[in-house]
Amino acid sequence: MSGTADPCDAIVVGAGPSGAVAATELVRAGLSVTVIEQGDWVLADAFDGARPQWELTQLRKWHPNPNVRGRPEDYPVDVAASDVNPLMFAGVGGAALIYGAHWMRFMPSDFRVRTLDGVADDWPFAYDDLAPFYAYVEEAMGVSGLDGNTAYPDGAPCPLPALPIGKVGRKAALGMNRLGWHWWPGSNAIPSRAYRNLQPCVLRGTCGTGCSDGAKATPDRTHWPGAIDDGVRLLTNARVAEVTVDSHDRATGVVWIDRDGQRHHQPAGIVILCANGIGTPRTLMMSNDGAGIANRSGMVGRRLMMHPFAAVMGTFDEDLESWVGPAGQILTSMQFYETDLSRGFVRGAKWNCMPAGGPQSFRAGYGDGPLTDAWGANLHERVRRKFGRSFEWGIVGEDLPDTENRIALSASLTDTSGLPAPEIHYTVSDNTRKMLDFHTARAVEAMEAAGAVETAITPLIRDCGWHLMGTAVMGDDPETSVVDENGRCHDVPNLYVMDGSVFPTSSGMNPTATIMAVAARSVLALIENRREVEVAA
Amino acid sequence: MSHALTDAERERLATLADLMVPGGQGMPSAGDIDLANGPAEEVLHIDPTRLAGVQRFLALEGMVETLADVEALAQKDADGFADLGVVVANAYFMDAAVRQAIGYPGQEARDASIGLTDEDRALLQPVIDRGAIHR
């Protein structure tokens, strides 16, 4: 150990969306806060959206899979036993730096799946309890959208007007209207106007590879500058190895490792883990010399949910300029979100209408079919037929918790600091497969109703594990859950989890809105009750 | 910018690329844009992780006169061909003349503040008229 720093009131591990919310509120409340982030700052100019190579660099440099990206700040993930690859990004802003900024509140039914559908577990609180916290974080993120969404009891209001839906959105809406199905202009954490530290969106359509225009709501722009001004100490290129605890099972701080391999101890009264649904349980498991902490229930690392994703591409016989953003979601649909047992599965999925990207999206030269299909004269024919004329309905299906879907620590694979890599054990359930089959069939109908001359189904995309949830589940019972409804560990009273790990269920929604809202609810409860938090001597 | 590929490798790449990307249908061929030189070198400069696979594939021996010949080589080294495909396709579609030929201005900046149009709102009215769908 190269040294022990001065103690602080609170440590936040991870500088992504949940860590940003936690640190911002804690420092405003007068606590001294140290944030430890394994990645670095990424400035807008680093992203290639405005450069011709943007489709090239998304294949490696900005790929969401850490195993493909292979940066020193990434930890590798053993996916040999998983149907889906988990996706993430290490940096100030976390995976939001390369997210699509799809901003979706969970539906009211998502919090009551046991009561309504007899599966999984209800949440300890309801939609109405969380609604004020949604509004709070939406105001910070500058969410754009149209009030009055008929899928929500309160219409899911947004602080900024909706982004344009363009030719693609109008074409998709036409098909949905012909079928009498629900759709709504997309809600996105992308400002349609200049907003605080965010530039106005320019519809470049490269959101998923990082916004080169500073126009996507990411915590490096929405939260960290203000938090640092308020006194947060943010350490980058700093990888947490373990949470330290005393003999009374109280957290005393964390050990972190710098890029030179030096170990440091940061003491603190409170430790908050915000390292995502893989990184947080990994940290808990690595603590106490690898024996793990906070795991009386045996649920640390279990119930991993990753939202298997499918898509339907439709091709039309007219120019739709389908490389234009946002990307981002242009439209959403919740027509088939709720349970209908006649379909043969429980729960449902949210659809998002997306543009199709640049010309590379229509070149299939990676060995799935004969080269003569992908190259030669067919290359030109394919591009001419599809480029600018295609768009996608993406399908995010609710992934129900299963204790056998879990992470463990690898016995052989390590990161660049020598720490054990996570090993993913994950099987797509029969319920999910039936759900995706049903939804892709409906999405084909939607495309055909819109006039598509060709459709193509992608039944399950392996690189789709954007949404990492459930691995430190919240609940009232310490025998069956890891944290209470405010993210406080049952077994370590001054250790908190405030990321998607705490989710009892996944919903069928992109989770960032709920991750940030739950983090806000948790941290404000912590601040209110901080005098009662039992800290180490 | 120094060359990542040797003269012999670039010559082999040019042969392969012209089979993979022939001219016609109003589109330039790989040779028309001199893909094996400047464009491919630029791609390898931006993403040097592709170089080893490309070089390995280019070193495969065998007569290459048709696309079927390329396919036969790809059976011997699928990973190397995948890297070659990335380099050829990106070098081609990053070229300004190619983009112009397919009517692609690139990921250009546009004004998002126009928001929803009257046409968009009219399309949405039936959804509003059907009322709430939440449970």
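About the criteria used
Residue indices follow the written sequence of each chain, beginning from 1 at its first position. Chain letters and ligand numbers both follow the written order, the letters beginning at A and the numbers at 1. Only residues with pLDDT of at least 70 get local features here, since the model is predicted, and only at 80 or more are side-chain atom pairs given and counted; chain-wide, interface and lining totals rely on the full set of residues. With hydrogens and water stripped out, all remaining heavy atoms of the structure feed into the side-chain values. Put simply, DSSP marks the helices as runs of H or I at least four residues long and the strands as runs of E at least two long, and each gets a number from the N terminus on. Only protein chains enter the accessibility calculation, which uses a 1.4 Å probe. A residue is then buried if its area is under 20% of the maximum for its type, exposed if over 50%, and partly exposed in between. Contacts are residue-level and defined by heavy atoms, with any inter-residue pair within 4.5 Å sufficient. Reported accessibility uses the Shrake-Rupley method at a 1.4 Å probe radius. Residues are deemed covered only where the shown protein chains occlude them. Note on charges: Lys and Arg go in the positive column, Asp and Glu in the negative column, and His and the chain ends are not counted at all. For charged residues, the charge sits on one atom: NZ in Lys, CZ in Arg, CG in Asp, CD in Glu. Two cysteine sulfurs form a disulfide in these notes if their separation is within 2.5 Å. A 3.5 Å cut-off defines polar contacts: any pair of N or O atoms within that distance qualifies, except that in protein one atom must be a possible hydrogen donor and the other a possible acceptor, and neighbouring residues in sequence count only when both atoms are side-chain atoms. In plain words, nonpolar cores are sets of buried Ala, Val, Leu, Ile, Met, Phe, Trp, Tyr and Cys residues tied together by side-chain atoms within 4.5 Å. Here the term cavity refers to a set of points on a 1 Å grid, laid over the protein atoms alone, in which a 1.4 Å probe fits but cannot get out; the term pocket refers to an open set having protein on both sides within 12 Å along at least five of seven lines, with lining residues being those that place an atom within 4 Å of a point. Grid points are joined across faces, edges and corners, and a volume is the space filled by probe spheres set on the points. Each residue gets one label: Ala, Val, Leu, Ile, Met, Phe, Trp, Tyr, Cys and Pro are nonpolar, Asp, Glu, Lys and Arg are charged, and the others, such as Gly, are polar. We define buried area as the total accessible area lost by two parts upon association, computed with a 1.4 Å probe and summed across both. By convention in these notes, a salt bridge is any Lys or Arg side-chain nitrogen within 4 Å of a carboxyl oxygen on Asp or Glu. Between any two strands, pairing holds if DSSP finds at least two bridges. Every axis in this analysis is a line fitted to C-alpha atoms, fitted for helices over the stretch in contact. Angles between the N-to-C directions lie between 0 and 180 degrees. The sense of a crossing depends on the near helix, which, turned anticlockwise from the far helix by less than a right angle, makes the crossing left-handed and, turned clockwise, makes it right-handed. Centres within 6.5 Å make a pair out of two Phe, Tyr or Trp rings, where for Trp the six-membered ring is used; the pair is then stacked when the planes are under 30 degrees apart, edge-to-face when over 60, and tilted otherwise. The span you would expect from a helix comes to 1.5 Å times its residue count less one.

Participant: Looking at this structure, how should I read the overall build of chain B?
Facilitator: Secondary structure assignment for chain B yields 7 helices and 0 strands. Taken from the N to the C terminus, the helices and strands of chain B come in the order α-α-α-α-α-α-α. Overall, the C-alpha framework of chain B stretches about 65 × 35 × 30 Å when taken along its three principal axes. For chain B, with 135 residues in total, the buried portion stands at 47%. Relative to all contacts within chain B whose residues are 6 or more apart in sequence, the contacts with residues 24 or more apart total 69%. Counting every atom, chain B has about 6400 Å² of accessible surface; 51% of that belongs to carbon and sulfur. Within chain B, one finds 10 positive and 23 negative side-chain charges whose respective centroids are separated by 10 Å.

Participant: Just to check I follow, could you spell out the state of the cysteines for this structure?
Facilitator: By definition, a disulfide is the covalent link that joins the sulfur atoms of two cysteine residues. All names here are of chain A. On inspection of all chains with the given rule, the structure shows 0 disulfides over all chains. Not part of a disulfide, C207 finds its nearest cysteine sulfur in C201, a span of 6.1 Å. Unpaired in this structure, C489 has its nearest cysteine sulfur neighbour in C274, at a distance of 11 Å.

Participant: Before we go on, may I ask you to explain the side chain of N65 of chain A in this structure?
Facilitator: Residue and element names in this part refer to chain A. Here N65 is to be found in the loop between α2 (54–57) and α3 (66–69). N65 gets classed as buried once you look at its relative accessible area, which sits at 5%. A distance of 2.8 Å separates a polar atom in the side chain of N65 from the backbone nitrogen of N67. Separated by 3.0 Å, the side chains of N65 and D463 make a polar contact. Contacts of N65, omitting those with residues within four sequence positions, involve N85, P86, L87 and D463.

Participant: Please explain the side chain of D47 of chain B as it appears in this structure.
Facilitator: Following the sequence through the fold, D47 of chain B ends up in the loop between α2 (38–46) and α3 (51–58). Among the polar contacts listed, one links the side chain of D47 of chain B to the side chain of T49 of chain B, at a separation of 2.5 Å. A polar atom in the side chain of D47 of chain B sits 2.9 Å from the side chain of R50 of chain B. Not counting the four nearest positions on each side in its chain, D47 of chain B is found in contact with L56 and R60 of chain A.

Participant: So what exactly am I meant to see when it comes to the nonpolar core here?
Facilitator: Ranked by internal contacts, the top residues of the largest apolar core, which has 166 residues, are L26, W224, W375 and L495 of chain A together with L84 of chain B. It is helix α13 (residues 512–528) of chain A that provides the largest number of residues to this core, a total of 10 residues. Counting 37 residues, the second-largest nonpolar core is a separate cluster that includes A172, C353, F391 and F438 of chain A.

Participant: Looking at this model, I keep getting lost on the layout of surface pockets. Mind explaining?
Facilitator: Empty space among the atoms becomes apparent when a probe as large as a water molecule is rolled across them. All names here are of chain A. Considering only enclosed or pocket space, the second largest pocket measures out at about 300 Å³ in volume. R28, A140, R196, T222 and H223 are, among the 19 residues lining the second largest pocket, the residues nearest its centre. Within the residue set of the lining of the second largest pocket, elements represented by two or more residues are α1 (17–28), α5 (127–141), α7 (219–222) and α8 (224–229). The residue makeup of the lining of the second largest pocket, split by class, is 8 nonpolar, 5 polar and 6 charged.

Participant: Teacher, can you tell me more about the interface of chain B and chain A here?
Facilitator: How big an interface is tends to be expressed through the accessible area that disappears when the partners come together. Across the contact, 59 residues belong to chain B and 66 residues belong to chain A. Taking both partners together, chain B and chain A bury about 5200 Å²; carbon and sulfur atoms supply 63% of that area. It is Q107, R110 and R135 of chain B that lose the most area in chain B upon contact with chain A, and together they represent 16% of the buried surface on that side. Between chain B and chain A we count 5 salt bridges in total. The residue D117 of chain A makes a salt bridge to R135 of chain B at a minimum N-O spacing of 2.7 Å. On the surface where chain B and chain A come into contact, there are 21 residue pairs in polar contact (both at pLDDT 80 or more). For the side of chain B that touches chain A, the secondary-structure elements that each account for two or more residues are α1 (7–20), α2, α4 (67–76), α5 (78–93) and α7 (118–130) of chain B. In the side of chain B that touches chain A, the residues fall into 33 nonpolar, 13 polar and 13 charged.

Participant: Explain the sheet that holds strand β4 (residues 78–82) of chain A to me, please; I cannot follow it from the model alone.
Facilitator: Within a sheet, each strand pairs with its neighbour through backbone hydrogen bonds, oriented either parallel or antiparallel. Residues and elements named next belong to chain A. Across the sheet, 3 strands lie side by side as β4-β15-β14; this open sheet has mixed pairing. The sheet is open, and its two edges are formed by β4 and β14 (406–414), each paired on a single side. Sheet twist, expressed as the average angle between the axes of neighbouring strands with direction ignored, equals 30°. Across 5 bridges, β14 lies against strand β15 (residues 420–426) in antiparallel orientation. When the sheet's bridge partners are listed, L409 is paired in β15 with P422.

Participant: Looking at this structure, I do not really get the packing of α2 of chain B against α5 of chain B. What am I missing?
Facilitator: Geometry of a packed helix pair, given as the angle between the helix axes and the separation of the axes. All names here are of chain B. The interhelical angle for the contact between α2 and α5, taken along N-to-C directions, is 115°, at an axis separation of 8 Å. As for how α2 packs across α5, the hand of that crossing is right-handed. Residue-level inspection shows P39, A40, V43 and L44 of α2 in contact with α5, the latter providing V87, N90 and A91.

Participant: I keep staring at the packing of aromatic side chains and nothing clicks. Help me out?
Facilitator: Aromatic ring pairs are defined here through the distance separating the ring centres and the angle between the ring planes. A full pass over the atoms with the stated rule returns 24 aromatic pairs over all chains. With 6.0 Å between their ring centres and 40° between their planes, Y127 of chain A and Y134 of chain A make a pair best called tilted. Taken individually, Y127 of chain A and Y134 of chain A each receive the classification buried, so the pair is uniform in this respect. Plain terms: the ring middles of F57 of chain B and F81 of chain B are 5.5 Å apart, the flat faces sit at 55° to each other, and that makes the pair tilted. One end of the pair, F57 of chain B, is in helix α3; the other, F81 of chain B, is in helix α5, with 24 residues separating them in the sequence. Residue class for F81 of chain B comes out buried when judged on its relative accessible area of 3%.

Participant: Where do I start with α1 of chain A in this structure?
Facilitator: Residues spaced three or four apart along an α-helix face the same direction, because each turn holds 3.6 residues. Residues and elements named next belong to chain A. Helix length check: α1, at 12 residues, gives a terminal C-alpha distance of 17 Å against a target of 16 Å (1.5 Å per residue), a fit within 8%. Of all 12 residues in α1, 11 are buried; the element is thus mostly enclosed. When α1 is considered as a whole, its buried residues turn out to be P17, S18, G19, A20, V21, A22, A23, T24, E25, L26 and V27. Within two residues after α1, G30 carries a phi angle of roughly 100°, on the positive side.

Participant: Mind showing me how you'd approach the pattern of salt bridges here?
Facilitator: Throughout the structure, instances matching the rule amount to 43 salt bridges over all chains. Here R110 of chain B ties to E321 of chain A by a salt bridge, and the two come within 3.0 Å at their closest N and O atoms. One end of the pair, R110 of chain B, is in the loop between α6 (96–101) and α7; the other, E321 of chain A, is in the loop between β10 (309–315) and β11 (331–333), on a second chain. One network of salt bridges, in which partners are shared, links D110, D117, E338, R347 and E398 of chain A together with R135 of chain B.

Participant: For this particular structure, what's the right way to read the sheet that holds strand β5 (residues 184–185) of chain A?
Facilitator: The strand order β5-β11-β12-β13-β10-β16 (chain A) describes an open sheet built from 6 strands, whose pairing is antiparallel. Pairing within the sheet leaves two strands with one partner each, and these edge strands are β5 and β16 (454–458) of chain A.

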